[in-house]
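Here is how the chains run, residue by residue.
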Amino acid sequence: MQRSISLILKGDFIAAFYMYPAIYSLIMLFTFLIFHLKFQFKNGHRIILGLFILNISIIVTSFILKTFLIN
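Residues numbered from 1 in each chain as written. Predicted model: local features only at pLDDT ≥ 70, side-chain atom pairs only at ≥ 80, totals over all residues. Heavy atoms only, no water.

Trainee: Help me understand the overall build of the chain in this model?
Mentor: When helices and strands are tallied, the chain shows four helices and zero strands. Listing the helices and strands of the chain from first to last along the sequence gives α-α-α-α. The globule rule puts the C-alpha radius of gyration for 71 residues at 11 Å, and the 14 Å found for the chain is more than 25% above it. Principal axes of the C-alpha set define a box for the chain whose edges measure 45 × 30 × 15 Å. A buried classification covers 23% of the 71 residues belonging to the chain. Restricting the contact set of the chain to residue pairs at least 6 apart, pairs at least 24 apart contribute 31%. On the chain, roughly 5600 Å² of surface is accessible, and the fraction owed to carbon and sulfur atoms is 73%. (Helix = DSSP H or I, 4+ residues; strand = E, 2+ residues; numbered from the N terminus. Rg over C-alpha atoms; globule rule 2.2 N^0.38 Å. Buried < 20%, exposed > 50% of the residue type's maximum accessible area, 1.4 Å probe, protein only. Contact = heavy atoms within 4.5 Å. Areas by Shrake-Rupley, 256 points an atom, 1.4 Å probe, with all protein chains shown as cover.)

Below, the structure written as C-alpha cells:
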C-alpha cells in the first residue's frame, strides 16, 4: 500500500492500481469518512458500510488472484 501511495504521488496512477488495486476505493472511503465525521450525512453510515464491503471484496479478490492465479 505504501508503494502504491508513492506511485500516486509520483503521478503513475496505473502502476499504483496494479500495485494495490484497492488504493482508489480506500482513498474514497477515508475521504468520505472524514467528511461524514465533519458534516454528519443522513445516510452516511450506509455509504461507509458499502465502501467497507467494496474494499474488503477488492482486497480479498486481489489477494486470491495474486496468490493462486498470477505467477
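Trainee: Explanation requested: the packing of helix α3 (residues 23-39) against helix α4 (residues 44-69) in the structure shown.
Mentor: Any two packed helices are characterised by the angle at which their axes cross and by the distance between the axes. Between α3 and α4, the shortest axis-to-axis distance is 10 Å and the interhelical angle comes to 160°. Relative to α4, the element α3 is oriented roughly antiparallel. Crossing geometry of α3 relative to α4 is assigned as left-handed. Every residue of α4 that contacts α3 at S25, L26, M28, L29, F32, L33 and H36 is listed here: G44, H45, I47, I48, L51, F52, L54, N55 and I58. Looking at side-chain class alone, the contact of α3 with α4 contains 11 nonpolar, five polar and no charged residues. (Axes fitted to C-alpha atoms, helices over the stretch in contact; angles between N-to-C directions. Parallel < 35°, antiparallel > 145°, perpendicular 65-115°, else oblique. Left-handed = near helix turned anticlockwise from the far one by under 90°. Nonpolar A, V, L, I, M, F, W, Y, C, P; charged D, E, K, R; others polar.)

Trainee: Could you clarify how one ought to interpret the packing of aromatic side chains in this entry?
Mentor: Aromatic ring pairs are described here by two measures, namely the spacing of the ring centres and the angle between the planes. Tallying each qualifying case throughout the model produces four aromatic pairs. Considering the side-chain rings of F39 and F41, the 6.3 Å spacing of their centres and the 40° angle between planes classify their relative orientation as tilted. (Phe/Tyr/Trp six-rings, centres within 6.5 Å; stacked < 30°, edge-to-face > 60°.)

Trainee: I keep staring at the nonpolar core and nothing clicks. Help me out?
Mentor: Across soluble globular proteins, nonpolar side chains have a tendency to be buried as a group. Of all hydrophobic cores here, the largest spans six residues; its members are A22, L26, L29, F32, I48 and L51. At three residues, α3 tops the list of elements feeding residues into this core. The contact partners of F32, leaving out residues within four places of it in the chain, are F41, G44, I47, I48 and L51. (Core = buried A, V, L, I, M, F, W, Y, C linked by side-chain atoms within 4.5 Å.)

Trainee: For this particular structure, what's the right way to read the side chain of H36?
Mentor: With respect to the secondary-structure elements, H36 resides in helix α3. Every residue in contact with H36, bar those within four places of it in the chain, is listed here: F41, G44, H45 and I48.

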